[in-house]
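# Remarks on the overall topology
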Amino acid sequence: MAESLPPSLWPVVLRSATGKSWPPETRTDAAAFVQQAQWEQLLPLLCDAPDMPPIVHEALMAVRNASRAHAARAAVITERLRQFTQLMSRLGEEFILLKGCDFRHRLYKQPQHRPVSDIDVLVRDGDMERVATILSSAGFTRFYVGNLSVYSALHHEAALGFGTVVVDLHQRFGQRHRHTIDYRSIWRRAIPVNGDRFRGLRLSDADAVTYLAISMAIKYLRGPLIAFVDLWRLLRANPDCANEAARLAQEWQARHVFYAMLRRATWLLPEFEGLIGEVRDRVISFPRRSLLDRFVIPNDAGFQTRMPRLSQLWTKYWLMDNVIRRTRCVAEHATESMLGYLHARRVMMRSSNGEAPADGTA
């Protein structure tokens, strides 16, 4: 598969790093460009990009150790994914591969071109705790990172250590009441993957696009640019899936996050307009589009690692489709936090009494 990148990608990265136009003209600008590409999870693609100016190649030499580390990490992820999928197959457990671990094998020429930090999989709603307990018995280490809600069995995901790799088990794409998602239909549409290194299921293209919008919203639309390269390649591989994804966004009550992803994509990378402009503008009404454009969707380029908490809450509030959904989401979080608090207390009491945690918690 030939590599396909949005034509304006590298100029956008340079502008985000230096505020200047392509190409970089000084060693300082080239170094800043390469550093920004690394933050945006684009360094492996940059290292193999053709027709880069000599000054960029020179800057890449300074980060060759980071490039080797990316390649080594990619090999570790690939091997752990193979081991995980073989184990799940032996256990007779179904799973759907999500996000980067799916995209890196089917959308990119080489898996290492799509960096991933962990292995994300979807299990059936209600099965997460059971599967987590089975994996803990098989040597995985359950751990909890975040607020008290992560201790609740109602939470949408669970983290398990697998050597130096984290496996994130998802039973849902996010908090139940943010959207109305028919997971049974998602499982019916899931596509078998029978690769040389692993077997399992993946999302249909339309489900993958709509879920990508939901996962971007969890990061307040300020995640690294590699997510928009994923979107570009999904849409280029299957242009018709944009219309089906828009239908799913309506069905899932995820219209705001879907519109916001497409709007930010066209602001950052103008060539998206021809792929998704017409679909984007019919998802929600003009007054709501105007509100999101002016007050919610970030229009600056570049990966932002910090965001004020009030801005996070404001973005989270408006990326849900209606006030009923927002109210239910707050109530769900409060319930999960209370149940998580009670579970955490039980874990700590067992630990203080010298008992091993029943779920393999480290």
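See above for the structure.
The text that follows walks through the structure, step by step, so that each part is easy to find. (Residues numbered from 1 in each chain as written. Predicted model: local features only at pLDDT ≥ 70, side-chain atom pairs only at ≥ 80, totals over all residues. Heavy atoms only, no water.)

### Looking at helix H11 (residues 241-251)
If you check which residues of H11 are buried, you get Cys 241, Ala 242, Ala 245, Ala 246, Leu 248 and Ala 249. Looking straight down H11, one finds that the buried residues subtend no more than 160° of arc, so they occupy a single side. For H11, the secondary structure elements touched by its buried residues are helix H8 (183-189), helix H9 (205-218), helix H10 (226-237), helix H12 (255-268) and helix H13 (273-281). Just downstream of H11 lies Gln 253, where phi reads positive at about 55°. (Buried < 20%, exposed > 50% of the residue type's maximum accessible area, 1.4 Å probe, protein only. Helix = DSSP H or I, 4+ residues; strand = E, 2+ residues; numbered from the N terminus. Arc of directions from axis to C-beta. Contact = heavy atoms within 4.5 Å.)

### Some thoughts on the nonpolar core
By size, the foremost hydrophobic cluster in this structure holds 80 residues, and its most contacted members are Trp 10, Leu 42, Phe 173 and Phe 258. Those residues in contact with Leu 42, other than ones at most four positions away along the chain, are Leu 9, Trp 10, Val 13, Ala 37, Leu 225, Ile 226 and Val 229. Leu 87, Ala 158, Leu 160 and Val 165 belong to the second largest nonpolar core, which has 25 residues in total. (Core = buried A, V, L, I, M, F, W, Y, C linked by side-chain atoms within 4.5 Å.)

### Some points on the pairing of strand S2 (residues 119-122)
Residue alternation in S2 divides its side chains into two sets, Ile 119 and Val 121 and Asp 120 and Leu 122, and both sets are buried. The pairing of strand S1 (residues 96-97) with S2 spans two bridges and is classified as antiparallel. Looking at S2, one finds that Leu 97 is bridged to Val 121. (Pairing = 2+ DSSP bridges.)

### Some words on the sheet that holds strand S5 (residues 165-170)
Pairing is mixed in the open sheet, where seven strands are placed in the order S3-S4-S5-S2-S1-S7-S6. The open sheet is flanked by strand S3 (141-143) and strand S6 (191-194), the only strands paired with a single partner. Pairing between S6 and strand S7 (residues 199-202): four bridges, direction antiparallel. Looking at the pairing, Ile 191 lines up with Arg 202 of S7.

### Structural notes on the packing of aromatic side chains
Throughout the structure, instances matching the rule amount to eleven aromatic pairs. With centroids separated by 6.3 Å and ring planes inclined at 65°, the aromatic side chains of Phe 84 and Phe 140 adopt a geometry described as edge-to-face. Pair noted here: Phe 84 is in helix H5 (residues 64-91) and Phe 140 is in the loop between helix H7 (128-137) and S3, with a separation of 56 residues, a long-range link. On the basis of relative accessibility, which here comes to 0%, the residue Phe 84 falls in the buried class. Here Phe 140 falls in the buried class, since its relative accessible area comes to 3%. For the ring pair Trp 232 and Phe 272, a centre distance of 5.4 Å and an interplane angle of 90° mean the geometry is edge-to-face. Taken together, the positions of Trp 232 in helix H10 and Phe 272 in the loop between H12 and H13 put the pair 40 residues apart, joining distant regions of the chain. Classification of Trp 232 as buried rests on a relative accessible area of 4%. In this structure an aromatic cluster arises from ring pairing among Phe 84, Phe 95, Phe 140 and Phe 162. Its guanidinium or amino end placed over the ring of Phe 162, Arg 80 lies 4.5 Å from that ring's centre, counting from NZ or CZ. Lying over the aromatic face of Tyr 108, Arg 233 brings its terminal NZ or CZ to 4.2 Å of the ring centre. (Phe/Tyr/Trp six-rings, centres within 6.5 Å; stacked < 30°, edge-to-face > 60°. Lys NZ or Arg CZ within 6 Å of the ring centre and 35° of its normal.)

### Examining the pairing of S5
Within S5, five of the six residues are buried, which leaves the element mostly enclosed by the surrounding structure. Inspection of the sheet shows S2 paired to S5 by four bridges, in the parallel sense. Looking at S5, one finds that Leu 122 is bridged to His 170. Here strand S4 (residues 157-162) folds back onto S5 in antiparallel fashion, the turn holding two residues, of which Gly 163 has a positive phi close to 65°.

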